[in-house]
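# Analysis of the macromolecular model
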Protein chains: 2
Amino acid sequence: MPATLMNERDLEFMLYELFDSESLVNRSRYQDHDRQTFNEVVSTAKTIAEKYFLPIRQKLDTHQPTFDGKKVHIIPELKTAIDAVNQSGIGSATADYDLGGMQLPPIIASAAASYLTVAGGVGMGYNMLTTANANLLQAHGSPELINTWVKPMREGRFMGTMAMTEPGSGSSLGDLITKAVKADDGTYRISGNKIYISGGDHDLSENIVHLVLARIQGAPKGVKGISLFVVPKFLLNEDGSTGADNEVALAGLFHKMGGRAQTSTALSFGEKNGSVGYLVGEENCGLKYMFHMMNEARIMVGTSGAVLAVAGYQYSVDYAKNRPQGRLPSCKDPQSPMVNIIEHADVKRMLLAQKAYAEGALALVLYGTQLSDDEHTAETEEQRQHAHTLLDFLTPIIKTWPSEYGPKANSLAIQVMGGHGYINEHPVEMFYRDNRLNPIHEGTTGIQSLDLLTRKVPMNNMQGYKATLHEIAKTIESAKQYNSLQEYTHKLSDALNTLNSTTDAVMTSMATKNIDLALSNSVKYLELFGHVIIAWLWLKQSMVATDALSHQPHQDDFNFYQGKLQAAQYFYRFELPEIELWSRLLINTDSTSYDMHSDWF
Amino acid sequence: MPATLMNERDLEFMLYELFDSESLVNRSRYQDHDRQTFNEVVSTAKTIAEKYFLPIRQKLDTHQPTFDGKKVHIIPELKTAIDAVNQSGIGSATADYDLGGMQLPPIIASAAASYLTVAGGVGMGYNMLTTANANLLQAHGSPELINTWVKPMREGRFMGTMAMTEPGSGSSLGDLITKAVKADDGTYRISGNKIYISGGDHDLSENIVHLVLARIQGAPKGVKGISLFVVPKFLLNEDGSTGADNEVALAGLFHKMGGRAQTSTALSFGEKNGSVGYLVGEENCGLKYMFHMMNEARIMVGTSGAVLAVAGYQYSVDYAKNRPQGRLPSCKDPQSPMVNIIEHADVKRMLLAQKAYAEGALALVLYGTQLSDDEHTAETEEQRQHAHTLLDFLTPIIKTWPSEYGPKANSLAIQVMGGHGYINEHPVEMFYRDNRLNPIHEGTTGIQSLDLLTRKVPMNNMQGYKATLHEIAKTIESAKQYNSLQEYTHKLSDALNTLNSTTDAVMTSMATKNIDLALSNSVKYLELFGHVIIAWLWLKQSMVATDALSHQPHQDDFNFYQGKLQAAQYFYRFELPEIELWSRLLINTDSTSYDMHSDWF
């Protein structure tokens, strides 16, 4: 079985045919680059993925980190692999030149990182969190903080975490109780407990830079009294070298179903004198800053959901093309040779579903990544603002849809492979386990749905909502020129109407009914919106494929574009109609869940 | 967190309120029993489950069996636990008195076994396979075979397997190539390779009795040339004691995502002189006999899917009732106390979905189990024949629906618990992994769907189909007396119409169109039928609950029955409408999957 990581042809399609990434070189930030340098970075990532991560992927899964009471032990090959990433510069590919970065567009960096994610499981998670941490500090930290902490993170000498969750308040950040006391020197003393801190301890870097949410003594209750601090594992000496222990103690490791290479830790801060913490930005604004990181992390989670779906799809396609078994129903002769299972219609259905989920999700996360670039580097302020509006609105969907449909795709990869999919000789069962975390971390699906309905939709007179629907309407308008796509333009128009009438009904319900009831089917709303967005992106992909097919491509490309059209058809026929059912529940303000009493369970 | 295994109250409801199990004591086979002895068996199983299996459940999962090249090693506590089951007699609870059994009704044995399954993961799988093996031999083996092999299996001294799958032909049994050569003494010499043989090697019993499918030299090709053999790991001496090695070699262990306590083996038979095999029944009839075991195994697989769903549901309900976090949307005061998460509408939705899946599936598998009893012990030949017809028809659905919806329920249990659901401190992630095997083994979902459409529906002039629909129609007729259930009687009537028109369309399509195309959405048909059956069983449960509520039950029972009604409402509002979409695809003979070329992937 060859090592099928990402689909190179499809990445090329996404970057250069669906999204016009080549034109990014016209922006001043990227003027040193061209398509060739973009491709070289992706290719370097692929090489590192195949050389360093793929050979240890299974070992990372079966040898999860251990804690001997003093130190965390991770298989040493991971450090070698991560060092290779750091040396290649891919770890800080998007950062400014003067911070050691390559000033690459995020969409290119994301394509490159996808190889590492797929080959390394969550081994890459350490780097990704570090990047997100550094990006936050760079945006909100003082020059001193940036100078002290961001540089070594960009260089890979230090790694970073985000320390939010506490034992008593998981998703409910406003209830966190970790304490910060101001010291005479202007720093703070932090004390409290955090759990599920990814990369919270390890031996992969000289130091670990925790971004910790805590409550300064006397701060208001709830989310308005939370501040953000840099709390390093080790304090630094005057010369910048790693110095004294900062009372960040590892209380224990969690053993996860998947993502096993990345430590998930319980940390105890400042049990004796308090850990030294450096305030980021202003007091009581911590959540705002953390959301900067969280929004980035949410796109990363969606991306993980998507690329693991791609990986499982690729792997199971390859298996199905090479595994002979059985005959078609039309063939009754037991003497005839067996067919490869890819010929069985139900196997094709399961592969098409995976393709529709995986490539739909990949298009979505790359679109979101491009928006996160556009909001900073697009040519005009209007374009930047527009990108910001769209990204801000779409973040719950970019995080959730790939997280929910990625594991479904992975489940189908297992099913295609039967018993072989269930054993660790093949990686699809690992993808299935790894991917199951994505609907949970960085805000569960339920929380994303409340964010969408209570904040994102009504915000600024529904500006984000309207901007999103306008984008879709524009695509429908263009697609009307394609005769062969009429079925989809009609169906997407209908879906937009369904979305609109559902939104009206839910907003009315939120304004006039018990708010707990009105929001009780919020996840169905998020699913509905997600399906419309994915259908939209499949229509876009179909337009590109139809154009390309009209130019008589060579056989491989012909097959590739036909596959795109067939996956689009699958999505429109098998998946999109679901929104009718969800819409009905929402329009009726169905009270089944709301009415349920806890004693009745 | 208390150890929540099965829901005792719900089992009582299933056995004595939904299905009238108490009346079984009127059948001569069960005349020594009464409700009290039934309850004692269930209670004994619960005690063994809590005492022997629950304490080692996690260890069984994290310490999977190992093979040192010579022997398989399993943690010794498992043998102690299995011995406790054997000593209790529960292992052969349904067998005849004169074979050491207790002559218990299968539905009672199944209720008892559910505790062991949930507490022991697949530790119980060894016993279940042994029982199925013994039952097959008892039905089709010669008196000598029964005397030699069945007795020690009933006593727990020997264990049994079913050895069907081969490396080159997984689901395609007709292509198996394991060879049997008749020897002068009337026995056979077996040689070939088998994979994924559950319990194929271990140190839990004195001997292992493999039931092996093989092809006698010169037999016809395909499924009509397959015979069934008893091939023990060790031959027996004249006095019945375990003797010489029979050339059944362990080639290796598979490492599964779940169900880790049960070895999954690659076996090599007869590499030197051939393993000695004893023919079961007649030559070339092996598949027919194996289907006896497979049908039983299919009900067991469905049961596993159902009870693991129940277990995850119970566990996550308990968690949700005790985990404070956040506030309702209607409460904006951060100073107010947090609510337990069971108060959040979306958590209620996820728990209701689990309840609808788990208790719907449990009702289905217990119904199937009762049918498997009725076909042998019902009073009249007509009743026995009727039960046989129904069971034979419903087996693909009994196997599949719980297997597909069980893992969905377990996924929701994880989601309810958030990060806590993803770590092995809690068992729900294990349920999720264990349950994922169920849509694969004993015939994948795809294979079940072809069995349903090509064999079960058309068979005997659609006798099974008609009998099933007649049962549903009878329930609808009775339910019309319940004013409060009108919504469901209407919806189920509509669903029956949908099922009928879809079946007509598919049968016509199978008769008139390309058969590969006509069958290409067979899984959607199976799903549709499954949903109708589960809706039917929820209507039945609702009728019982409505009756009970009219008799002013005490508070606990009031809550219990209200929960039943609410779960039924959930199923009818959130799940049953899916059939409209599946029906549309089937009626249109949607060709999306069929049209896909393998080169387009």
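Conventions used here
- Residues numbered from 1 in each chain as written.
- Chains lettered and ligands numbered in written order.
- Predicted model: local features only at pLDDT ≥ 70, side-chain atom pairs only at ≥ 80, totals over all residues.
- Heavy atoms only, no water.
- UniProt positions renumbered as here; feature names shortened; annotations may be inferred.
- Salt bridge = Lys/Arg side-chain N within 4 Å of Asp/Glu carboxyl O.
- Helix = DSSP H or I, 4+ residues; strand = E, 2+ residues; numbered from the N terminus.
- Buried < 20%, exposed > 50% of the residue type's maximum accessible area, 1.4 Å probe, protein only.
- Polar contact = N/O pair within 3.5 Å; in protein donor to acceptor, adjacent residues only side chain to side chain.
- Contact = heavy atoms within 4.5 Å.
- Domains from an automatic or database assignment.
- Buried area = accessible area lost by both parts, 1.4 Å probe.
- Nonpolar A, V, L, I, M, F, W, Y, C, P; charged D, E, K, R; others polar.
- Pairing = 2+ DSSP bridges.
- Least-squares fit on C-alpha atoms with pLDDT ≥ 70 in both.

Chain A has the name Acyl-CoA dehydrogenase in an unreviewed UniProt entry, where Shewanella inventionis is given as its organism. Per UniProt, chain A carries the Sequence similarities (unreviewed entry) text "Belongs to the acyl-CoA dehydrogenase family." Heading Cofactor (unreviewed entry) of the UniProt record for chain A holds this comment: "FAD".

## A closer look at the pattern of salt bridges
Between side chains of opposite charge, a pair can form when the charged atoms approach closely. Here the structure, examined in full by the defined rule, presents 64 salt bridges over all chains. With a closest N to O distance of 2.8 Å, Asp 557 of chain B and Arg 9 of chain B form a salt bridge. Within this pair, whereas Asp 557 of chain B is found in helix α17 (residues 555-575), its partner Arg 9 of chain B is found in helix α1 (residues 8-18), the two being separated by 548 residues in sequence. According to the relative accessible area criterion, Asp 557 of chain B is buried, its value standing at 17%. Taken together, the shared-partner salt bridges in this structure form one network comprising Arg 9, Glu 12, Glu 17, Glu 22, Arg 35 and Asp 557 of chain A.

## Digging into the side chain of Ser 268 of chain A
Residue and element names in this part refer to chain A. Mapped onto the fold, Ser 268 is located in strand β11 (residues 264-269). Of the polar contacts made by the side chain of Ser 268, one reaches the side chain of Glu 271; its length is 3.0 Å. Residue contacts for Ser 268: discarding those within four places in its chain leaves Gly 192, Asn 193, Glu 247, Val 248 and Ala 249.

## Some details on the domain arrangement of chain A
Residue and element names in this part refer to chain A. Each domain of chain A was delimited in the assignment, giving domain 1 (8-140), domain 2 (159-285) and domain 3 (452-601). Distance from the C-alpha centre of domain 1 to the C-alpha centre of domain 3: 31 Å. Every contact between the two is made by six residues of domain 1 and, on the other side, seven residues of domain 3. Roughly 670 Å² of surface becomes buried between domain 1 and domain 3 when both sides are summed, with 68% attributable to carbon and sulfur atoms. Connecting domain 1 to domain 3 are two salt bridges. Here domain 1 and domain 3 share four residue pairs in polar contact (both at pLDDT 80 or more) between them. Residues belonging to the side of domain 1 that touches domain 3 are distributed by class as follows: three nonpolar, no polar and three charged.

## Thoughts on the pairing of strand β3 (residues 158-163) of chain B
Residues and elements named next belong to chain B. Summarising burial for β3: six of the six residues are buried, a large majority. Pairing geometry for β3 and strand β6 (residues 207-216), over six bridges, is parallel. Looking at the pairing, Gly 160 lines up with Val 209 of β6.

## Some thoughts on the UniProt feature "domain: Acyl-CoA dehydrogenase/oxidase C-terminal" (unreviewed entry) in chain A
Listed under "domain: Acyl-CoA dehydrogenase/oxidase C-terminal" (unreviewed entry) in the UniProt record, and renumbered for this structure, are residues 286-451 of chain A. Secondary structure content for residues 286-451 of chain A is 73% helix and 0% strand, while the C-alpha to C-alpha distance between its ends is 18 Å.

## Digging into the side chain of Ser 316 of chain A
Residues and elements named next belong to chain A. Among the secondary structure elements, Ser 316 is positioned in helix α8 (residues 286-322). Ser 316 gets classed as buried once you look at its relative accessible area, which sits at 0%. A distance of 3.2 Å separates the side chain of Ser 316 from the side chain of Gln 354, its partner in a polar contact. Beyond its immediate chain neighbours, meaning those up to four positions away, Ser 316 contacts Leu 351, Gln 354, Ala 413, Val 416 and Met 417.

## Quick look at unusual backbone geometry
Residue and element names in this part refer to chain A. The phi torsion at Asn 460 lies on the positive side, around 50°, for a residue other than glycine. Note that Asn 460 resides in helix α13 (residues 459-479). Residue Asn 460 is classed as exposed on the basis of its relative accessible area, which comes to 55%.

## Points about the relation of the copies chain A and chain B
It takes a turn of 180° to lay chain A on chain B, together with a shift of 0.0 Å along the axis; the resulting RMSD is 0.0 Å. The two molecules are tied by a two-fold rotation axis, judged by turn and shift. Distance from the rotation axis, computed per C-alpha, reaches its smallest value in chain A at Glu 578 of chain A: 3.8 Å. The fraction of interface residues of chain A whose copies in chain B are also interface residues reaches 100%, indicating that both copies meet through the same surface.

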